[in-house]
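# Remarks on the overall topology
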Amino acid sequence: MIRIVKLTFDPAQTAAFEQLFAERQADIRHFPGCTHLELWKDKAHIGVYFTYSHWENIESLDVYRHSEMFADIWTAIKGWFTGKPEAWSLENRTP
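So, here is what we can say about the structure in this document. (Residues numbered from 1 in each chain as written. Predicted model: local features only at pLDDT ≥ 70, side-chain atom pairs only at ≥ 80, totals over all residues. Heavy atoms only, no water.)

What follows concerns the overall build of the protein. The helix and strand tally for the protein stands at three helices and four strands. Ordered by position from N to C terminus, the α and β elements of the protein give β-α-β-β-α-α-β. Over its C-alpha trace the protein gives a radius of gyration of 13 Å, about what one expects of a compact globule, namely 12 Å for 95 residues. Here the C-alpha coordinates of the protein stretch approximately 40 × 30 × 20 Å along the principal axes. (Helix = DSSP H or I, 4+ residues; strand = E, 2+ residues; numbered from the N terminus. Rg over C-alpha atoms; globule rule 2.2 N^0.38 Å.)

The next point concerns the sheet that holds strand E1 (residues 2-8). The four strands lie next to each other as E2-E3-E1-E4, forming an open sheet whose pairing is antiparallel. Of all strands in the sheet, those with a lone pairing partner are strand E2 (34-41) and strand E4 (86-90), marking the two edges. Within the sheet, the average angular offset between the axes of one strand and its neighbour, ignoring direction, is 15 degrees. By the bridge criterion, seven bridges tie E1 to strand E3 (residues 48-55) in an arrangement that is antiparallel. If you follow Val 5 over to E3, its bridge partner there is Thr 51. Against the sheet, helix H2 (residues 58-65) touches E1, E3 and E4, its axis set at about 125 degrees to E3. (Pairing = 2+ DSSP bridges. Axes fitted to C-alpha atoms, helices over the stretch in contact; angles between N-to-C directions. Contact = heavy atoms within 4.5 Å.)

This brings us to the packing of helix H1 (residues 14-29) against helix H3 (residues 68-77). Remark: H1 packs on H3, axes separated minimally by 12 Å, with the N-to-C direction vectors making an angle of 175 degrees. As summarised for this structure, H1 and H3 are arranged roughly antiparallel, according to the angle between their axes. Contacts between H1 and H3 pair Phe 17, Leu 20, Arg 24, Asp 27 and Ile 28 from the former with Met 69, Asp 72, Ile 73, Ala 76 and Ile 77 from the latter. Broken down by class, the residue content of the contact of H1 with H3 amounts to seven nonpolar, no polar and three charged. (Parallel < 35°, antiparallel > 145°, perpendicular 65-115°, else oblique. Nonpolar A, V, L, I, M, F, W, Y, C, P; charged D, E, K, R; others polar.)

Listed below in structure tokens is the structure:
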């Protein structure tokens, strides 16, 4: 399963977000059920980022979303948002 999350930050907080992501990305990548994680920055819109991750299944993602690690990260970044985060959970339907 692929998970894409759009995060819109105050441009003044983007360096802090990138630093936090760099510090925590290995922990997230090694969370049980996560098989891939990338961070993408929108080229046209300052402060807009996307996380792109692969999960073994929705249950693994839910365990992560209810973990202490997720809560710590979310607490650190939630004050930096200027827009509501958006998320999509996708499954490949290519035959």
